[in-house]
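Listed below, chain by chain, are the residues.
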Amino acid sequence: METASFFPVDPQIPVDFNIRKSLTGRGLTVHDAQGSLAYRICAPRRRRCSSSSAPNPRLTKTLFDAAGNPSISVVYHNDEWHGYRGNSQEPKDLIFTVRKILYSPFETELHVFLSSTNIGDQKSCFRLKGNPFRRACTIISGNSIVAQVIIIFAPLFAQL
C-alpha cells in the first residue's frame, strides 16, 4: 500500500515579512503578512561590570520568537559570526559560522558553514551576495537561488 506525501518534494511557497527598526536603534521586529509579530532581534543591554571572558554585548544579537523565547544568539568574534541555539555560547550548541569573503563597499559576499560540516575543508553550504546600497541580498546554495531579499519602499503619505 502506497502512502501519499504530505509535503511537496520541491515546495515553492513565498513568505513575506515586514522588518521594522526600533526608534531607539537597539533592535528590529519582524512581522508576517498579516501584521502579527513573528520575531524580534535585539542586543543585550550593556552591563556595568563585565569580565574579560564575556563577549562584548555590542557584538552579540539574539533572535526571539513571538512568545519571547530566545531562538538563536549570534556572536561576532575574530572576523566571524557564530550562531548558537538559544542564549547558549557553548561549542555543542553551535549551529553555523559565517565568514565575509568579499570586502567591497559596493558588494558583499558571505559564506555560511553549518556546524555539521567541517569548516577546515573551506566548502560553504550557502553563499549570500548583496549590495548594501540597494539593500538587496540573494542566498545561493550550489548554483540555485534559495531566497532573495528585496526592499520595497512604501510612500510616506498615501494619496486620498
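- By the naming in an unreviewed UniProt entry, the chain is Protein LURP-one-related 7, taken from Musa troglodytarum.
- The Sequence similarities (unreviewed entry) comment attached to the chain in UniProt states, word for word, "Belongs to the LOR family."

1. What about the pairing of strand β11 (residues 144-149)?
Looking down a regular strand, the side chains alternate between one sheet face and the other.
Reasoning step 1: Sheet topology note: the strand β10 (residues 136-141)/β11 ladder contains five bridges and is antiparallel. Paired with Ile 139 across the two strands is Ala 147, which belongs to β11.
Reasoning step 2: The hairpin formed by β10 and β11 contains two residues between the paired strands, and Gly 142 there has a positive phi angle of roughly 65°.

2. Examining the confidence of the model for the chain
Reasoning step 1: Taken over all residues, the pLDDT of the chain has a mean of 76, while the share at 70 or more is 70%.
Reasoning step 2: Taken element by element, the chain is modelled with least confidence in strand β1 (residues 17-21), mean pLDDT 78, and with most confidence in strand β6 (residues 80-85), mean pLDDT 92.
Reasoning step 3: Below pLDDT 50 for its whole length, residues 1-9 participates in zero contacts with residues either more than four positions away or in separate chains.
Reasoning step 4: The model gives residues 47-52 a pLDDT under 50, and that stretch makes one contact with residues more than four places away or in other chains.

3. With respect to the pairing of β10
Reasoning step 1: Pairing of strand β9 (residues 126-131) with β10, which is carried by five bridges, proceeds in the antiparallel orientation. Across the sheet, residue Leu 128 finds its bridge partner in β10, namely Ile 139.
Reasoning step 2: Once β9 ends, the chain turns through four residues before running back antiparallel as β10, passing Arg 135 with a positive phi of about 55°.

4. Re the pattern of salt bridges
Reasoning step 1: Tallied over the entire structure, the rule returns two salt bridges.
Reasoning step 2: For Glu 80, the salt bridge identified is with Arg 99, shortest N-O distance 2.5 Å. A residue pair is termed long-range when its members are at least 10 positions apart, and Glu 80 in strand β6 and Arg 99 in strand β7 (residues 94-103) qualify at 19 residues.
Reasoning step 3: Ionic pairing is found between Lys 92 and Asp 93, a salt bridge with its closest N-O pair at 3.5 Å.

5. With respect to a nonpolar patch on the surface
Reasoning step 1: A cluster of nonpolar side chains, namely Val 15, Phe 17, Ile 19, Leu 28 and Tyr 39, defines an oily patch on the protein surface of about 460 Å² accessible area.
Reasoning step 2: Of note, Phe 17 is situated in strand β1.
Reasoning step 3: For Phe 17, a relative accessible area of 46% corresponds to the partly exposed category.

Definitions and limits used
- Residues numbered from 1 in each chain as written.
- Predicted model: local features only at pLDDT ≥ 70, side-chain atom pairs only at ≥ 80, totals over all residues.
- Heavy atoms only, no water.
- UniProt positions renumbered as here; feature names shortened; annotations may be inferred.
- Pairing = 2+ DSSP bridges.
- Helix = DSSP H or I, 4+ residues; strand = E, 2+ residues; numbered from the N terminus.
- pLDDT = per-residue confidence, 0-100.
- Contact = heavy atoms within 4.5 Å.
- Salt bridge = Lys/Arg side-chain N within 4 Å of Asp/Glu carboxyl O.
- Patch = residues over 30% accessible without salt bridge, like charges linked within 9 Å, V, L, I, M, F, W, Y side chains within 5 Å.
- Areas by Shrake-Rupley, 256 points an atom, 1.4 Å probe, with all protein chains shown as cover.
- Buried < 20%, exposed > 50% of the residue type's maximum accessible area, 1.4 Å probe, protein only.

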